[in-house]
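Topology and contacts: notes
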Amino acid sequence: TSWLHFFHPFKSLLGQMCIILVFRSIPDKFLVMADYHKFISWIVIAEAGVNVICCLLLLPYFSFIAVTLIALGIKAVSTFALILPLLLRYMKMKYYVLVWKIALLQLAAAIPMCLTLIGLKKVISPGDALFLYLLAASSAGAAVYLLFSYILTIQKDEKRLVRNKIMALGSEIRQKLCRH
């Protein structure tokens, strides 16, 4: 188990959350709405069963880290071997289109946000004023991510809808300010 010391259980859990959020959460909900709820339920039950069995069998012999890595593998295999192929067949979509639109464009939008947060950490020391840092980081990170998501991921007709909503909200605010 010498290679296991490079992994931390939280990194494995973070990997699971990434897989769940990016590749599993929305496809699960979509397939449930498309009347595949029994299939999704059986997959979740099978994942839980395999996880329990792996924990019982492997935890006495391996570390908690090994068990979390196995749980990550179970989630990845069920997602990429069962959920996504069914979704792609149902939507008549190619795999590379799904990866490009869901994963890579969102990742590209997140990179400037991460750079902004790293820059803020250099400017504002979290130890000195933690609340100020959290306020600045969350506000700046959200603004940068929204801007780059708007630029990279939203289609033209959706951009038009967003602009119209923002303009309507702006004129509504101006009207309320002019009345007072």
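For the structure, see preceding data.
Attention here is on the structure that accompanies the text.

Reading the values: rules and limits
Chains are numbered independently. Their residues run from 1 in the order of the written sequence. Reporting in this predicted model follows two pLDDT cut-offs: at least 70 for local features of residues, and 80 or more for side-chain atom pairs to be given and counted; totals over whole chains, interfaces and linings ignore these cut-offs and use all residues. Note that water and hydrogens are dropped before the side-chain values are worked out from all heavy atoms of the structure. Each axis is a line fitted through C-alpha atoms, and for a helix only the stretch in contact is used; angles between axes span 0 to 180 degrees, taken between their N-to-C directions. We count a stretch as a helix when DSSP gives it H or I for four or more residues in a row; a strand needs E for two or more, and each element gets its number in order from the N terminus. Every angle not falling under 35 degrees, over 145, or within 65 to 115 is termed oblique; those three ranges are roughly parallel, roughly antiparallel and roughly perpendicular. Take the far helix as your reference; a near helix turned counterclockwise from it by less than a right angle gives a left-handed crossing, and one turned clockwise gives a right-handed crossing. Residues count as neighbours in contact if any of their non-hydrogen atoms are within 4.5 Å of one another. Type-normalised accessible area, obtained with a 1.4 Å probe on protein chains alone, sets the label of each residue: buried when under 20%, exposed when over 50%, and partly exposed for intermediate values. What is meant by a nonpolar core is a set of buried Ala, Val, Leu, Ile, Met, Phe, Trp, Tyr and Cys residues, joined one to another through side-chain atoms within 4.5 Å.

What follows deals with the packing of helix H4 (residues 95–123) against helix H5 (residues 130–152). If you want to describe how two helices pack, look at the angle between their axes and the distance between the axes. In contact at an axis separation of 8 Å, H4 and H5 are set at 155° when each is read in the N-to-C sense. Here H5 runs roughly antiparallel to H4, going by the angle between their axes. Like other packed secondary-structure pairs, H4 and H5 cross with a definite hand, here right-handed. Contacts from Leu 105, Gln 106, Ala 108, Ala 109, Ala 110, Pro 112, Met 113, Thr 116, Leu 117, Leu 120 and Lys 121 in H4 reach Tyr 133, Ala 136, Ala 137, Ala 140, Gly 141, Val 144, Tyr 145, Phe 148, Ser 149 and Leu 152 in H5.

Here we take up unusual backbone geometry. Positioned with a positive phi, Asp 35 is a non-glycine residue whose angle comes to about 75°. Tracing the backbone through its elements, the reader meets Asp 35 in the loop between helix H1 (9–33) and helix H2 (37–58). In this structure Asp 35 comes out as exposed when scored by relative accessible area, which is 59%.

The next point concerns the nonpolar core. Note on soluble globular proteins: their nonpolar side chains tend to be buried together. Grouped together as the largest cluster of nonpolar side chains are eleven residues: Phe 23, Leu 31, Ile 40, Ile 43, Ile 83, Leu 84, Leu 86, Leu 87, Leu 88, Leu 98 and Ala 103. Of all the elements in the fold, those that place two or more residues in this core are H1, H2, helix H3 (64–91) and H4. Considering every element that reaches this core, the biggest residue donor is H3, with five residues. When neighbours within four sequence positions are excluded, Leu 86 is seen to be in contact with Leu 31, Tyr 36 and Phe 39.

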